[in-house]
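# Structure at a glance
One letter stands for each residue in the lines below.
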Amino acid sequence: MSIYPWHLYLMAAMYIIAGFMHFIKPKAYLRIMPRYLPSPKLLVYLSGLAEIILGVGLCFAVTKDYAIWSIIVMLAIFLLVHFYMLSSAKAGINLPKWVLWGRVILQFGLMYWAYIYLAL
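Residue numbering note: each chain is counted from 1, following its sequence as written. Predicted model: local features are reported for residues with pLDDT of at least 70 only, side-chain atom pairs are reported and counted for 80 or more only, and whole-chain, interface and lining totals are derived from all residues. With hydrogens and water set aside, each side-chain value is computed from the structure's full complement of heavy atoms.

### Some details on the layout of surface pockets
A cavity here means a set of 1 Å grid points, computed over protein atoms only, where a 1.4 Å probe fits but cannot escape. A pocket is an open set with protein on both sides within 12 Å along at least 5 of 7 lines, and lining residues have an atom within 4 Å of a point. Grid points are joined across faces, edges and corners, and a volume is the space filled by probe spheres set on the points. Put simply, the largest pocket is a space of about 720 Å³. Every helix listed is a DSSP run of H or I at least four residues long, and every strand listed is a run of E at least two residues long, numbered separately from the N terminus. Those elements that provide at least two residues to the lining of the largest pocket are α1 (6–24), α2 (26–32), α3 (40–57), α4 (61–87) and α5 (97–115). If one sorts the elements of the lining of the largest pocket by residue count, α4 sits on top with 8 residues. Lys, Arg, Asp and Glu make up the charged group, whereas Ala, Val, Leu, Ile, Met, Phe, Trp, Tyr, Cys and Pro make up the nonpolar group; the residues left over, Gly among them, are polar. Of the residues that constitute the lining of the largest pocket, the class distribution is 22 nonpolar, 4 polar and 2 charged.

### Comments concerning the side chain of Gln107
With respect to the helices and strands, the residue Gln107 is situated in helix α5. For Gln107, a relative accessible area of 6% puts it in the buried group. Burial here depends on accessible area, computed with a 1.4 Å probe over protein chains only, as a share of the maximum for the residue type. Under 20% is buried, over 50% is exposed, and the range in between is partly exposed.

### Thoughts on the packing of α1 against α5
One way to put it is that α1 packs onto α5 with a least axis distance of 11 Å and a crossing angle of 130°. Regarding the angle of α1 to α5, the classification is oblique. Where α1 crosses over α5, the two elements pack in a sense that is left-handed. Judged by residue contacts, His7, Leu10, Met11, Met14 and Tyr15 of α1 engage Leu110, Trp113 and Ala114 from α5. Taken together, the residues of the contact of α1 with α5 sort by class into 7 nonpolar, 1 polar and no charged. Inter-axis angles, ranging from 0 to 180 degrees, are taken between N-to-C directions of lines fitted to C-alpha atoms, where helices are fitted over the stretch in contact. These descriptions rest on fixed angle ranges, namely under 35 degrees for roughly parallel, over 145 for roughly antiparallel, 65 to 115 for roughly perpendicular, and the rest for oblique. Take the far helix as the reference: if the near one is turned anticlockwise from it by less than a right angle, the crossing is left-handed, and if turned clockwise, right-handed. Residue contacts follow a heavy-atom distance rule, with two residues in contact if any of their heavy atoms lie within 4.5 Å.

### Some thoughts on the nonpolar core
In this text, buried Ala, Val, Leu, Ile, Met, Phe, Trp, Tyr and Cys residues form a nonpolar core when linked through side-chain atoms within 4.5 Å. Within the largest apolar cluster, 29 residues are counted, with the highest numbers of intra-cluster contacts made by Met11, Tyr15, Leu58, Ile68, Ile71 and Leu75. Looking at this core, the elements that each hand over two or more residues are α1, α4 and α5. Per-element tally for this core: the top contributor is α4, with 12 residues.

In C-alpha coordinates form, the structure reads like this:
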(Lines give C-alpha, C1' and ligand atoms only; values in the text may rest on other atoms or scores of the structure.)
Protein backbone atom coordinates (compact mmCIF):
# COMPACT_ATOMS: atom_id res chain seq x y z
CA MET A 1 0.00 0.00 0.00
CA SER A 2 1.38 3.40 -0.94
CA ILE A 3 1.76 6.04 1.73
CA TYR A 4 1.34 8.99 -0.65
CA PRO A 5 -1.41 9.98 -3.08
CA TRP A 6 -1.19 8.53 -6.58
CA HIS A 7 -0.46 11.94 -8.09
CA LEU A 8 2.82 12.21 -6.18
CA TYR A 9 3.87 8.97 -7.84
CA LEU A 10 2.69 10.41 -11.15
CA MET A 11 5.00 13.36 -10.58
CA ALA A 12 7.84 10.99 -9.70
CA ALA A 13 7.25 9.00 -12.90
CA MET A 14 7.15 12.20 -14.93
CA TYR A 15 10.59 13.28 -13.67
CA ILE A 16 12.08 9.80 -14.07
CA ILE A 17 10.84 9.52 -17.67
CA ALA A 18 11.92 13.08 -18.49
CA GLY A 19 15.34 12.30 -17.01
CA PHE A 20 15.78 9.21 -19.15
CA MET A 21 14.81 11.23 -22.22
CA HIS A 22 17.96 13.34 -21.69
CA PHE A 23 19.96 10.18 -22.40
CA ILE A 24 17.72 8.83 -25.17
CA LYS A 25 17.36 12.11 -27.12
CA PRO A 26 20.22 14.37 -25.95
CA LYS A 27 20.21 16.39 -29.19
CA ALA A 28 16.73 17.70 -28.41
CA TYR A 29 18.00 19.06 -25.10
CA LEU A 30 21.27 20.33 -26.56
CA ARG A 31 19.29 22.43 -29.00
CA ILE A 32 17.62 24.36 -26.19
CA MET A 33 20.64 24.58 -23.88
CA PRO A 34 21.77 28.20 -23.52
CA ARG A 35 25.02 28.76 -25.40
CA TYR A 36 26.49 30.84 -22.58
CA LEU A 37 26.56 27.82 -20.24
CA PRO A 38 29.72 25.67 -20.23
CA SER A 39 29.79 22.01 -21.30
CA PRO A 40 26.26 21.80 -22.69
CA LYS A 41 26.35 18.03 -23.28
CA LEU A 42 27.50 17.39 -19.72
CA LEU A 43 24.76 19.69 -18.42
CA VAL A 44 22.13 17.80 -20.42
CA TYR A 45 23.27 14.50 -18.92
CA LEU A 46 23.60 15.91 -15.39
CA SER A 47 20.15 17.47 -15.52
CA GLY A 48 18.72 14.17 -16.74
CA LEU A 49 20.46 12.30 -13.94
CA ALA A 50 19.15 14.85 -11.42
CA GLU A 51 15.59 14.37 -12.67
CA ILE A 52 15.88 10.59 -12.34
CA ILE A 53 17.36 10.74 -8.83
CA LEU A 54 14.86 13.33 -7.63
CA GLY A 55 11.94 11.43 -9.16
CA VAL A 56 12.99 8.31 -7.27
CA GLY A 57 13.55 10.41 -4.14
CA LEU A 58 9.91 11.51 -4.20
CA CYS A 59 8.83 7.93 -3.52
CA PHE A 60 10.48 7.51 -0.12
CA ALA A 61 9.56 9.25 3.13
CA VAL A 62 13.18 9.78 4.13
CA THR A 63 14.03 11.64 0.88
CA LYS A 64 10.67 13.10 -0.21
CA ASP A 65 11.06 16.60 1.27
CA TYR A 66 14.67 16.90 0.11
CA ALA A 67 13.61 15.82 -3.37
CA ILE A 68 10.77 18.35 -3.39
CA TRP A 69 12.99 21.29 -2.45
CA SER A 70 15.60 20.12 -4.95
CA ILE A 71 12.98 19.87 -7.70
CA ILE A 72 11.84 23.42 -6.96
CA VAL A 73 15.43 24.67 -7.20
CA MET A 74 16.04 22.60 -10.34
CA LEU A 75 12.93 24.02 -12.01
CA ALA A 76 14.02 27.54 -11.09
CA ILE A 77 17.39 26.87 -12.73
CA PHE A 78 15.63 25.41 -15.78
CA LEU A 79 14.00 28.82 -16.25
CA LEU A 80 17.32 29.75 -17.92
CA VAL A 81 16.45 27.31 -20.69
CA HIS A 82 12.92 28.65 -21.09
CA PHE A 83 14.02 32.26 -21.28
CA TYR A 84 16.78 31.27 -23.71
CA MET A 85 14.13 29.64 -25.89
CA LEU A 86 12.25 32.96 -25.87
CA SER A 87 15.36 34.89 -26.93
CA SER A 88 16.71 32.52 -29.59
CA ALA A 89 14.76 31.60 -32.71
CA LYS A 90 16.77 28.39 -33.13
CA ALA A 91 16.32 27.32 -29.49
CA GLY A 92 12.65 28.30 -29.65
CA ILE A 93 12.23 25.59 -32.30
CA ASN A 94 9.77 27.77 -34.21
CA LEU A 95 7.17 27.58 -31.46
CA PRO A 96 4.87 30.60 -31.14
CA LYS A 97 5.87 33.04 -28.39
CA TRP A 98 2.66 32.34 -26.47
CA VAL A 99 3.62 28.66 -26.24
CA LEU A 100 7.09 29.57 -25.01
CA TRP A 101 5.60 31.91 -22.39
CA GLY A 102 3.22 29.11 -21.46
CA ARG A 103 6.22 26.90 -20.76
CA VAL A 104 7.59 29.55 -18.39
CA ILE A 105 4.26 29.70 -16.56
CA LEU A 106 4.16 25.89 -16.50
CA GLN A 107 7.50 25.87 -14.64
CA PHE A 108 5.91 27.84 -11.82
CA GLY A 109 2.94 25.49 -11.84
CA LEU A 110 5.31 22.53 -11.54
CA MET A 111 7.10 24.23 -8.65
CA TYR A 112 3.78 24.72 -6.87
CA TRP A 113 2.75 21.13 -7.60
CA ALA A 114 5.92 19.92 -5.89
CA TYR A 115 5.54 22.37 -3.00
CA ILE A 116 2.07 21.14 -2.02
CA TYR A 117 3.50 17.73 -1.11
CA LEU A 118 5.66 19.15 1.68
CA ALA A 119 2.65 18.99 3.99
CA LEU A 120 2.32 15.21 3.56
